[in-house]
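What the coordinates show
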Amino acid sequence: DTGVSQDPRHKITKRGQNVTFRCDPISEHNRLYWYRQTLGQGPEFLTYFQNEAQLEKSRLLSDRFSAERPKGSFSTLEIQRTEQGDSAMYLCASSPGRPSSYNEQFFGPGTRLTVL
Amino acid sequence: AQSVTQPDIHITVSEGASLELRCNYSYGATPYLFWYVQSPGQGLQLLLKYFSGDTLVQGIKGFEAEFKRSQSSFNLRKPSVHWSDAAEYFCAVGDGSSNTGKLIFGQGTTLQVKP
């Protein structure tokens, strides 16, 4: 068990640029979640996948955001035309597919995005 | 709607003193409750969880938490704090009845430990 990994750890970009983050979940976990955490706040749910299917998206996820999980393995989160308000820590978490473990999520180290 | 409130934004305790971090939740059914810890610039590490059964749950690093349904609370405790416990602590509730598994987090409590 190597844990959840995220890449890059830090990203600085200029407003209007596109950015893409990657998350590699724990290998046997079926569920993958994305959260956003702004300074001084708790993480907020963005979206989640059951295998390769994206099953729910938060209203926080505007049309500039897109997430994929091809083949049910790693996931990417892309932000197009970044805005300064997108500056945040983007956290990925994975969870086993067993019903009793649905809520037990293991978090990666996060990607810190700064939009200038 | 589900929500989590952590009334204390910032707490300072002396090393060796006891600690209690408060968490109140709003949820209609039996909640799944969690405490996570986050060190600066890091992701979240699960300290402990409550799903059902014994209302006093033990976690890692000497932490425990007690679920009190009558008070809608899930407070985190530690009898003797170590300097390495300085971090941000998040309480979260999960929706055990739906299929999403998403977590709702509180705002967090920052713990400072005085030598």
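Presented here is an overview of the structure given in this document. Everything numeric here is computed off the predicted structure, so don't read it as measured data.

**Regarding the layout of surface pockets**
Its boundaries defined by the atoms lining it, the largest pocket holds a volume of some 300 Å³. Residue lining of the largest pocket: 16 residues in total, with Glu44 and Phe45 of chain A together with Leu103, Ile104 and Phe105 of chain B positioned closest to the centre. Here the residues of the lining of the largest pocket sort into 7 nonpolar, 5 polar and 4 charged. Approximately 230 Å³ is the volume found for the second largest pocket. As for the second largest pocket, its lining consists of 17 residues, of which Gln37, Leu39 and Arg112 of chain A together with Gln38 and Glu88 of chain B are closest to the centre. Taken together, the elements giving at least two residues each to the lining of the second largest pocket come down to β10 (87-94) and β12 (109-114) of chain B. No other element matches β10 of chain B, which puts 3 residues into the lining of the second largest pocket. Considering only residue class, the lining of the second largest pocket consists of 7 nonpolar, 8 polar and 2 charged.

**Structural notes on the nonpolar core**
Of all hydrophobic cores here, the largest spans 27 residues; its most connected members are Leu19, Trp35, Leu47, Leu48, Phe74, Leu76 and Tyr89 of chain B. Elements with a contribution of two residues or more to this core: β2 (10-14), β3 (19-21), β5 (32-38), β6 (44-50), β8 (64-68), β9 (73-78), β10 and β12 of chain B.

**Topic: the state of the cysteines**
All names here are of chain B. For the structure shown, the criterion picks out 2 disulfides over all chains. Paired through a disulfide, Cys23 and Cys91 show a sulfur-sulfur distance of 2.0 Å. Taking the sign of the S-S torsion, about -65° here, the bridge from Cys23 to Cys91 comes out left-handed. Linking Cys23 in the loop between β3 and β4 (24-26) with Cys91 in strand β10, this pair joins segments that are 68 residues apart in sequence.

**Focus: the environment of Phe74 of chain A**
Residue and element names in this part refer to chain A. Residue placement: Phe74 occurs in the loop between β7 (65-68) and β8 (75-79). Residue class for Phe74 comes out partly exposed when judged on its relative accessible area of 24%. Taking the C-alpha atoms as reference points, Phe74 and Arg98, separated by 24 residues in sequence, lie 19 Å from one another. Beyond its immediate sequence surroundings of up to four residues, Phe74 is in contact with Arg22, Cys23, Asp24, Pro25, Glu68 and Arg69.

**Side note on the environment of Phe65 of chain A**
In this fold, Phe65 of chain A is placed in strand β7. Measuring from C-alpha to C-alpha, the distance between Phe65 of chain A and Phe107 of chain A comes to 20 Å, with 42 residues separating the pair along the chain.

**Structural notes on the pattern of salt bridges**
Scanning all chains against the criterion turns up 9 salt bridges over all chains. Note that Glu56 of chain A is salt-bridged to Lys102 of chain B, the shortest N-O span being 2.7 Å. With Glu56 of chain A in strand β6 (residues 53-57) and Lys102 of chain B in the loop between β10 and β11 (103-105), this residue pair bridges two chains. Glu56 of chain A sits in the partly exposed class, given a relative accessible area of 23%. For Lys102 of chain B, a relative accessible area of 23% corresponds to the partly exposed category. Close ionic contact of Lys78 of chain B with Asp85 of chain B constitutes a salt bridge, the shortest N to O distance being 2.8 Å. Residue Asp85 of chain B is classed as buried on the basis of its relative accessible area, which comes to 5%.

What counts as what
- Residues numbered from 1 in each chain as written.
- Chains lettered and ligands numbered in written order.
- Predicted model: local features only at pLDDT ≥ 70, side-chain atom pairs only at ≥ 80, totals over all residues.
- Heavy atoms only, no water.
- 1 Å grid on protein atoms, 1.4 Å probe; cavity = no way out; pocket = protein on both sides within 12 Å on 5 of 7 lines; lining within 4 Å.
- Points joined across faces, edges and corners; volume = space filled by probe spheres on them.
- Nonpolar A, V, L, I, M, F, W, Y, C, P; charged D, E, K, R; others polar.
- Helix = DSSP H or I, 4+ residues; strand = E, 2+ residues; numbered from the N terminus.
- Core = buried A, V, L, I, M, F, W, Y, C linked by side-chain atoms within 4.5 Å.
- Buried < 20%, exposed > 50% of the residue type's maximum accessible area, 1.4 Å probe, protein only.
- Disulfide = S-S within 2.5 Å.
- Contact = heavy atoms within 4.5 Å.
- Salt bridge = Lys/Arg side-chain N within 4 Å of Asp/Glu carboxyl O.

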